[in-house]
Amino acid sequence: MIAKLFGGRMAALLGKEFAQIGRDKRLRISLILPPTLQLLLFGFALNATVDNLRLGIVDFDHSRESRDLIAAMTQSGAFRSAGAFTSAETLGTGISQGKVDAGIVLPVNFSKDLHRGHQVGVQVLLNAMNANTAAIAQGYTQGVLGTWNQVMLKSGSLHARFTQIGAVPRDLRGIVTLHPAFIFNPGLVSSWFVVTGTFGLLLILNGSLVASAAMVKEREAGTVEQLLMTPAGTGEIIVAKIAPLFVLLCGMVLFATTLIKVVFQIPFRGNLVIVFLGAALCVLCGIAIGTFLATFTRTARQAQLMSFFVNPPLSSLSGALTPVEAMPHWMQPLTILNPIRHFGVITRAALLKGSSIDILWPNILALAAITLVLLSLSVWRFRKQLG
Amino acid sequence: MTPAEPPSGIGNGAVAIRVAGLQKNYAGVKAVRGIDFEVRKGEIFGLIGPDGAGKTTTFQILAGVMEATAGTATIFNMAAREARQETGYLTQTFSLYPDLTVAENIRYVGDLRLIPRAEIELRGNRYLTMFDMDRFTDRLAGRLSGGMKQKLALACALVAQPQVLLLDEPTTGVDPVSRREFWDTLAHLAIDGLTILVATPYLDEAERCHRVALMHEGTIHQTGTPSELRGSLGAKRLEVHTAALSEAEDVLSGHHDGILDVQRFGDRLDVIVREPVEGQRQVKLLLGAANIAIDSVRVDEPALENTFVATLRAIGREVKSPRYPGLHPHRDIMGQIAIGATNLTRHFGAFTAVQDVSVEVKYGEIYGLLGANGAGKTTTIKMLCGLIEPSTGRMELAGESGSLRSREVRQKLGYMSQKFSLYDDLTISENLNFFGGVYGLSSDEIETKKRWVLEFAGLEGKETALTGSLPGGWKQRVAFGASIMHEPSVLFLDEPTSGVDPLARRAFWRMINQLADMGTAILVTTHYLEEAEQCNRLGFMVAGSIVAEGTPGGVKRAQTGHLIETITTEPQRAADILRTDGERWRISLFGDRIHNVTDGDAETSMRETRATLAAAGIGVLEAREIPWSLEDVFIAVVEKAKREERLAAK
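All values reported here derive from a predicted model rather than from experimental measurement.

### Some thoughts on the overall build of chain A
And step 1. A tally of regular secondary structure across chain A gives 14 helices and four strands.
And step 2. Here chain A holds 387 residues, and 43% of them are scored as buried.
And step 3. Sequence separation of at least 24 residues holds for 81% of the intrachain contacts in chain A that already meet a minimum separation of 6.

Structure below.
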């Protein structure tokens, strides 16, 4: 079976594709240069830091611990104190009127409950008019709380644990609840978020570019008819075109993973197999998108132009560089269709949190489903064009 | 008169172009190795030679865009560089702006040269009228046909009113009808006093020059008028018609004194002999001894190609045609139907590209499909080889009438598309390995065939060269070799020899004949009518239909009209006068001679022509009936079909 598959015709087709790729300098460069540049640039430059947000404070406890927490919040440089408010309602009005950017409400029994080892809820109010800032502020708050929490635990004098952070009054427009995503990035290394996101972006976008260029090549050169006159079946032609690209892009995955580890020192807490599985699916997705685009174009240049229409929505609706939570609500469900989003969730969870397949299976399943649909669609288009 | 002198009556004696001892070396390559020639004012001078002969380099030096390594190139006694105002240079790829209209293209060129707008308008209109293009001034250049693009590029070059026109292979890829119109235009311009230097690899075009120089590997080997060159061979050409072409070719090709060359065509052999009477006797004797019946023998002048081939052979250039290592001949099915198309029609939307075409090609037969651009040749060949499905009609291919796209059928087919049948980014060896492998040949067989292809292409030892780096002619030969590695029983060749020099083309056809003798059915399309002579049968396509079919001799005989050649004192004015009388296509200018296609009686027509011209004060020096060339037949057939279509439309 294998001998039949790799002997004769298939070997000839694969040999030809590999030889062509081997001679394509631009292709080889595009497997190394864009990943390096994108990871480094995005990782270092797209540091989503926000500072000097005006923080309104409602401290019902007036204890050493409450003042300590407020100090920790403002010391980080992300927030500066914008004065005390008397109640959560007045704080909310202050945010709505734009007097402050965020607010924190510390309950009456804050220190007492902490000492008793109870879980304490802290309410954080955010102005979601600027969704991006709100999401980042949320992340900061989470991080500060987390660090503070750890310090408390280390000192051994307190047995407190924050797991849940205050609910949001429904009637106040533009307030979002906190999401525990940033808890696992306690050092507030924003680059970790960006880099893990860029990884997926890279696989899909670079994969699709490389694939569309390779797929359109045969038609651009005019050799496709000659190929169609040979006894090679369309299935064989498609497999022979996709397989070498897959191998190459998997090489890019390894390269990018190494870069992430060495340059950004992202912890590899979880199972790398899950990450690589996701990456392989992403690569196939990228190839599928590229192939699909290539069927609508006659030249490599046209294919690249086409990708200009596809890539921006794909990357901005991915949650790779900006949190999905920062998007308008109606738009958020759309990201479920985006492979980059699922891969982002998988890498972040697996690398930073060490999550296992038990938790990540919905994302893996979704990614696999998207890949299957895209791949079938593009193979169908390609086949139709060949036939 | 020595052969280097222009014929009398051409030009006023002033030398327009003078090239002496011209040399050009590129990094290690001697492109031009010391050439000399002179072109008189008003002369059409042809540089004839294959790819890599140094034609383009010579043109670039004359156009002043490149410096010579040694020697001089002057135009009206000025260095080529200083004379750029006087020269119009058309490169192989025209620099037209496809998004501008015809008029805008001309205006742009004129504006660049700071010619007043009114003057541009005047000259533009004059040339567009001369080229029969004045109806298309508002059409986008990108929408013009290949031939019209050629003429527009020429008009753009002429707007600056150059004294000298340099045309580097201006008709590559242009169909016969447009090519003839283009050459008519050149004849017209030359008579107006324009000096034209033109490069071409095609010898039928060389016939339309006043003088030609045969150039090969940077050296000019012979210069003279076409008839001088033909005469320089000191030989005659015998057209031998026989049914057993292959056997007769074998018999006569053995070395015999007096027989200089044997070339096989579709329905005859051309035998070049020193002396016609003795030659005929010898041919009859030799064929008689081999029991081969001769239908007829006709004596004629040798063609320019014969001279060219003899010249190249004299300098030791011979293209090899090693015997094809065919392991699986198809002789057993010879004579059975390989391609059987019945009433094929193909629509693209509302447009009917092919209408009711029926073609039958037997195993062992070479069938030529001819047609102008847009006649539906490409669509037809794609239907015949199963690449696209006909809208209606029945197809039988390689014994299969159901699924033509099945793997079994494709295994039996060979296909060589126009230009793009090899991968430029693979080496020659990789390409051959690929095609061998994809057809499932064993590695031993691939090796055998590979050696043969390399020998045929003359590329032994160069198999690791990138295919993209090969000049066109070599690439064509490799592509041809690649397409027959698997010994197909049905072979489709779509313009296999465009850009291939005469010697290589002969090697090509020798190979095609070998394949046919092995039982392969071969379908060829071509733009070049001299090449069509090589086919056993021909089909002429016009506007999606086959309008004439038969052997090369058969279609010539089927012409009801006559072809008259007239030599007059004022060729251009005479041509203009004769054109106003009849249809434009009937009259064409070949240098100083006028060809006239007449439907009536030859004698009457000649008498009428003399009378018409005499009334205009033009003397006729000579008028005679000449045999139809396939090109004349083609143009007559196309034009008559178009006329009938126009009548039917009314």
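### Some details on the sheet that holds strand β19 (residues 413–416) of chain B
Residue and element names in this part refer to chain B.
And step 1. Pairing within the open sheet is mixed, and its six strands lie in the order β19-β20-β21-β17-β22-β23. Looking at the sheet topology across the chains shown, the edges are occupied by β19 and β23 (545–550). Averaged over all pairs of adjacent strands, the angle between strand axes in this sheet comes to 15°, irrespective of strand direction.
And step 2. Of the strand pairs in this sheet, strand β22 (residues 537–542) and β23 are connected by five bridges, and their pairing is antiparallel. Each bridged residue has a counterpart across the sheet, and for V542 the counterpart in β23 is S545.
And step 3. Sitting on the sheet, helix α21 (residues 630–649) is in contact with β17 (366–371), β22 and β23, with an inclination near 40° to β22.

### A word on the nonpolar core
General note: in soluble globular proteins, nonpolar side chains tend to be found buried as a group.
And step 1. By size, the foremost hydrophobic cluster in this structure holds 176 residues, and its most contacted members are B:L62, B:A155, B:I196, B:I339, B:I522 and B:L523.
And step 2. In terms of residue count, helix α4 (residues 146–159) of chain B provides more of this core than any other element does, nine residues in total.
And step 3. Leaving out residues up to four positions away in the same chain, B:L523 has contacts with B:I339, B:V361, B:Y367, B:L369, B:I381, B:L384 and B:F492.
And step 4. Formed by 57 residues, the second largest nonpolar core is a distinct cluster that contains A:V275, A:L293, A:L367 and A:I370.

### As for helix α13 (residues 339–353) of chain A
And step 1. Between its first and last C-alpha, α13(A) extends 20 Å over 15 residues, near the 21 Å set by a 1.5 Å rise per residue.
And step 2. Where α13(A) ends, the next residue or the one after it, A:G354, has phi of about 75°, a positive value.

### Thoughts on the interface of chain B and chain A
Interfaces are often sized by the amount of accessible area the parts lose when they come together.
And step 1. Contacts between the two partners involve 22 residues from chain B, matched on the other side by 22 residues from chain A.
And step 2. Taken together, the elements giving at least two residues each to the side of chain B that touches chain A come down to α12 (407–412), β19 and α13 (428–438) of chain B.
And step 3. Ranked by the residues each element gives to the side of chain B that touches chain A, the list is headed by α13(B), at five residues.

### Structural notes on the confidence of the model for chain A
Residue and element names in this part refer to chain A.
And step 1. Mean pLDDT for chain A: 77, with 80% of residues reaching 70 or above.
And step 2. Per-element confidence in chain A ranges from a low mean pLDDT of 45 for helix α1 (residues 2–6) to a high of 91 for helix α11 (residues 272–294).
And step 3. pLDDT under 50 marks residues 1–6. Its contacts with residues more than four places away, or in other chains, come to two contacts.

### As for the sheet that holds strand β15 (residues 337–348) of chain B
All names here are of chain B.
And step 1. Sheet architecture is open: three strands sit in the order β16-β15-β18, paired in antiparallel fashion. On the outer flanks of this sheet lie β16 (351–362) and β18 (392–397), each paired with one strand and no other. Put simply, the sheet's adjacent strands are angled 15° from each other on average, direction ignored.
And step 2. When β15 meets β18, the two strands line up antiparallel, connected through five bridges. The partner of I339 across the bridge, within β18, is L397.
And step 3. Here helix α11 (residues 377–384) sits on the sheet in contact with β15, β16 and β18, set at roughly 55° to β16.

### Thoughts on the confidence of the model for chain B
Residues and elements named next belong to chain B.
And step 1. Averaged over every residue, the pLDDT of chain B is 86; residues scoring 70 or more account for 97%.
And step 2. Across residues 1–11, where pLDDT falls below 50, the model places 20 contacts with residues more than four positions away in sequence or in other chains.
And step 3. The complex prediction reports pTM at 0.78, with the ipTM value standing at 0.76.

### Remarks on the pairing of strand β3 (residues 44–48) of chain B
All names here are of chain B.
And step 1. For β3, the tally of buried residues reaches five of five residues, placing the bulk of the element in the interior.
And step 2. Covered by surrounding structure in β3 are I44, G46 and I48 together with F45 and L47, the residues of both alternating faces.
And step 3. Pairing between β3 and strand β8 (residues 195–200): five bridges, direction parallel. Directly across from L47, in β8, lies its bridge partner A199.
And step 4. Pairing between β3 and strand β9 (residues 211–216): four bridges, direction parallel. What sits directly across from L47, in β9, is A213.

### Remarks on the packing of helix α2 (residues 102–112) of chain B against α4(B)
Residue and element names in this part refer to chain B.
And step 1. Where α2 contacts α4, the axes come no closer than 8 Å and their chain directions differ by 30°. Considered as vectors, α2 and α4 are oriented roughly parallel to each other. In this structure, the crossing between α2 and α4 has a hand that is right-handed. Side by side, α2 and α4 meet where V102, N105, I106, V109 and G110 of the first sit next to L152, A155, C156 and V159 of the second.
And step 2. When its residues are assigned to classes, the contact of α2 with α4 shows seven nonpolar, two polar and no charged.

### Regarding the environment of B:E228
Residues and elements named next belong to chain B.
And step 1. Checked against the element boundaries, E228 lands in helix α7 (residues 226–232).
And step 2. On the neighbour-count criterion, E228 (19 C-beta atoms within 10 Å) is partly exposed.
And step 3. With 420 residues separating them in the primary sequence, E228 and A648 have C-alpha atoms 47 Å apart.

### Considering the pairing of strand β10 (residues 219–224) of chain B
The side chains of a regular strand alternate, residue by residue, between the two faces of the sheet.
Residues and elements named next belong to chain B.
And step 1. As defined by bridge partners, β9 adjoins β10 across five bridges and the pair is classed as antiparallel. The residue of β10 that forms the bridge with L214 is Q222.
And step 2. Joining the antiparallel neighbours β9 and β10 is a turn of two residues, in which E217 adopts a positive phi near 50°.

### A look at the environment of B:Q263
Residue and element names in this part refer to chain B.
And step 1. Turning to its location among the elements, Q263 is positioned in strand β12 (residues 259–264).
And step 2. We classify Q263 as buried; it has 21 C-beta atoms within 10 Å.
And step 3. Each C-alpha atom of the pair Q263 and Q534 lies 9.4 Å from the other, and the pair is 271 residues apart in sequence.
And step 4. What Q263 contacts, discounting residues up to four positions off in sequence, is L269, D270 and R506.

### With respect to the packing of helix α10 (residues 234–264) of chain A against α11(A)
All names here are of chain A.
And step 1. Contact geometry for α10 and α11: axes closest at 10 Å, N-to-C directions at 135°. Comparing the axis directions of α10 and α11 gives the class oblique. Regarding α10 and α11, the two cross each other, and that crossing is right-handed. Mapping the contact onto sequence places I242, L245, F246, L249, C250 and V253 in α10 and F276, A279, A280, V283, L284, G286 and I287 in α11.
And step 2. Here the contact of α10 with α11 is composed, by residue class, of twelve nonpolar, one polar and no charged.

### Some details on unusual backbone geometry
Residues and elements named next belong to chain B.
And step 1. Phi is positive for E217, which is not a glycine, with a value near 50°.
And step 2. Mapped onto the fold, E217 is located in the loop between β9 and β10.
And step 3. The residue E495 is not glycine, and still its phi comes out positive at about 50°.
And step 4. Secondary-structure assignment places E495 in the loop between β20 (490–494) and α16 (502–517).

### Some points on α10(A)
All names here are of chain A.
And step 1. For α10, built from 31 residues, the straight-helix expectation of 45 Å at 1.5 Å per residue is met to within 8% by its first-to-last C-alpha distance of 44 Å.
And step 2. Regarding α10, the residues found buried are I237, A240, K241, I242, P244, L245, L249, M252, V253, A256 and I260.
And step 3. After α10 finishes, the residue Q265 shows a positive phi value of roughly 50°.

### Looking at the environment of B:H188
All names here are of chain B.
And step 1. The residue H188 is located in helix α5 (residues 176–191) in this model.
And step 2. When the C-alpha positions of H188 and D36 are compared, they lie 27 Å apart, and in sequence the two are 152 residues distant.
And step 3. Non-local contacts of H188, meaning those with residues more than four positions away in its chain, are made with M130, Q572 and L589.

The rules we used
Residues numbered from 1 in each chain as written. Chains lettered and ligands numbered in written order. Predicted model: local features only at pLDDT ≥ 70, side-chain atom pairs only at ≥ 80, totals over all residues. Helix = DSSP H or I, 4+ residues; strand = E, 2+ residues; numbered from the N terminus. Buried ≥ 20, exposed ≤ 12 C-beta atoms within 10 Å, placed from the backbone. Contact = placed C-beta atoms within 7 Å. Pairing = 2+ DSSP bridges. Axes fitted to C-alpha atoms, helices over the stretch in contact; angles between N-to-C directions. Core = buried A, V, L, I, M, F, W, Y, C linked by C-beta atoms within 7 Å. Expected span 1.5 Å × (residues − 1). pLDDT = per-residue confidence, 0-100. Parallel < 35°, antiparallel > 145°, perpendicular 65-115°, else oblique. Left-handed = near helix turned anticlockwise from the far one by under 90°. Nonpolar A, V, L, I, M, F, W, Y, C, P; charged D, E, K, R; others polar.

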